[in-house]
Amino acid sequence: MASNENFLESLMQANPTDFAAILDNRDSMRVQIVYTRIDRDKQNRPHFTDYFFNYKHAVYFYPASTVKMPVAFLAMEKANKLGIPLLSTMITEKGQEGLSAVYNDPTTADGRPSLAHYVKKIFLVSDNDANNRLYEFLDQQYLHDQLKTKGYPDAQIVRRLAIAMPESLHRITNPVRFLDTSGKLLYEQPLQNSNMEYLQRHDFLGKGYMNDSEVLVNEPMDFSRKNRVYLYDLHKVLRSVLFPAAVLEKERFDLKQEDYRFLYQYMSQLPSETRYPEYDTSAFYDAYCKFLLFGTQKHKSLPKHIRSFNKPGWSYGFLTDVAYIVDFEKNVEFMLSATIYCNSDGILNDDKYDYNTVGLPFLEKLGQTIYAYEVKRKRKHQPDLSVFKVNYDK
């Protein structure tokens, strides 16, 4: 259920110290917020009320690493459809010059690359290579077709992340093989070359950008051939995995119960709680991927009874987090997704963004404000959140 009530605006207006600049510059900062209030009935079934702030489909934001979330879900679903165990050895061959192969993974316990381990690294620290390997397993056309079938026709995930290559190479995905522990071939997928017709878009940002030669170009940067997924679509993708029984059947991913448990663990687990890989917590601190509620709390231990099941993204000045937040001690739950453009000089690709001074403080304060409201909010029925209580690696 969507509400037209101006709830989020009122909440931020009541906290001018934290939000006055955001309210005054909402359009130039391209701020968008989606908040879902969750109320349980006697049977513990969730009922959702969505609230929006400055939400506009037509206003482009670069989704960055948030696209890894639907990529991970679709990769797990495709493996299930093909009967491939998620822990099977996943071998990626080099299909063409400019692409690369993977035969082993030193970050796993036994050195074998697997789809499960790629998904794990995506949610723990937003690993780019892990995402790109799953992109190759899915391929462009399949990604587009599956997201469209699930109700996201405007989504376009057409590129790998954090790797420079021509558009033609993003259309090509490497051959992939899956093997069991004895080396027996379970599935083989040849090189794919997508002829997908891209959606016609006119997504331009900034007043200038640094080109590949590090020369300033004084005109807006064209994002029309880069990835696009709307914030509310990402919000709904997350909701469909957290609450599969509460969404339409066509919106669900074909996942097993053990898949949900796996996802709930690694979407909420912290780098310091992880054995493989054993992360350097000076670089991958607890709040590294937990922007809402904890954005600026670098090198601090986070409270273990509060968990964020989420996927953030940051690139080109955009800072985004799509999250379901739970406090097991206070029996509080809510969904919150937000994005903000932190680029005061208007120049893209110069690595001069206001993430630490503007974006992270905003997302942290937003999460804390909604959390404080939720703690005080009266509920007719207390939620049973036991399905989201999982054991962590350590």
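Before any of the text, the structure's been laid out above.
How each quantity is defined
- Residues numbered from 1 in each chain as written.
- Predicted model: local features only at pLDDT ≥ 70, side-chain atom pairs only at ≥ 80, totals over all residues.
- Heavy atoms only, no water.
- Pairing = 2+ DSSP bridges.
- Helix = DSSP H or I, 4+ residues; strand = E, 2+ residues; numbered from the N terminus.
- Buried < 20%, exposed > 50% of the residue type's maximum accessible area, 1.4 Å probe, protein only.
- Axes fitted to C-alpha atoms, helices over the stretch in contact; angles between N-to-C directions.
- 1 Å grid on protein atoms, 1.4 Å probe; cavity = no way out; pocket = protein on both sides within 12 Å on 5 of 7 lines; lining within 4 Å.
- Points joined across faces, edges and corners; volume = space filled by probe spheres on them.
- Nonpolar A, V, L, I, M, F, W, Y, C, P; charged D, E, K, R; others polar.

**Points about the pairing of strand S5 (residues 176–179)**
And then number 1: Taken together, the four bridges between strand S3 (residues 89–92) and S5 define a ladder with antiparallel strand orientation. Within S5, the residue paired with Thr89 across the bridge is Leu179.
And then number 2: The sheet contact formed by S5 and strand S6 (residues 185–189) spans four bridges and is antiparallel. Pairing of Arg177 across the sheet is with Glu188, part of S6.

**What about unusual backbone geometry?**
And then number 1: In this structure, Pro277 follows Tyr276 across a cis peptide bond, with omega equal to -5 degrees.
And then number 2: Looking at where Pro277 falls in the secondary structure, it is placed in the loop between helix H9 (257–268) and strand S12 (306–315).
And then number 3: Within the chain, Ser126 stands out as a residue other than glycine whose phi angle is a positive 60 degrees.
And then number 4: On the secondary structure map, Ser126 appears in the loop between helix H4 (115–125) and helix H5 (128–138).
And then number 5: With a phi angle near 90 degrees, Leu293 is a residue other than glycine that sits in the positive phi range.
And then number 6: In this structure Leu293 comes out as buried when scored by relative accessible area, which is 5%.

**Re the sheet that holds S3**
And then number 1: Strand order in the open sheet formed by three strands is S3-S5-S6, with antiparallel pairing between adjacent strands. The open sheet has two edge strands, S3 and S6, and neither has a second partner. The mean inter-strand angle of the sheet, taken between neighbouring strand axes irrespective of direction, is 15 degrees.

**Here we look at empty space enclosed by the protein**
Which parts of space are left empty comes out when a probe the size of a water molecule is rolled across the atoms.
And then number 1: Scanning the model with the defined rule gives three cavities of 30 Å³ or more in all.
And then number 2: Taken as a whole, the largest cavity holds about 50 Å³ of empty space.
And then number 3: Lining the largest cavity, in full, are Ser268, Leu270, Lys290, Phe294, Leu302, Pro303, Lys304, Ile306, Arg307 and Ser308.
And then number 4: Tallied by class, the residues present in the lining of the largest cavity amount to five nonpolar, two polar and three charged.

**Side note on the layout of surface pockets**
And then number 1: Taken as a whole, the largest pocket encloses approximately 910 Å³ of empty space.
And then number 2: Considering the residues around the largest pocket, the lining is formed by 32 residues, among which Tyr62, Lys226, Ser315, Tyr316 and Asn349 are closest to the centre.
And then number 3: When residues of the lining of the largest pocket are traced back to their parent elements, those giving at least two are strand S9 (208–210), strand S11 (221–222) and S12.
And then number 4: Taken together, the residues that form the lining of the largest pocket break down as 16 nonpolar, eight polar and eight charged.

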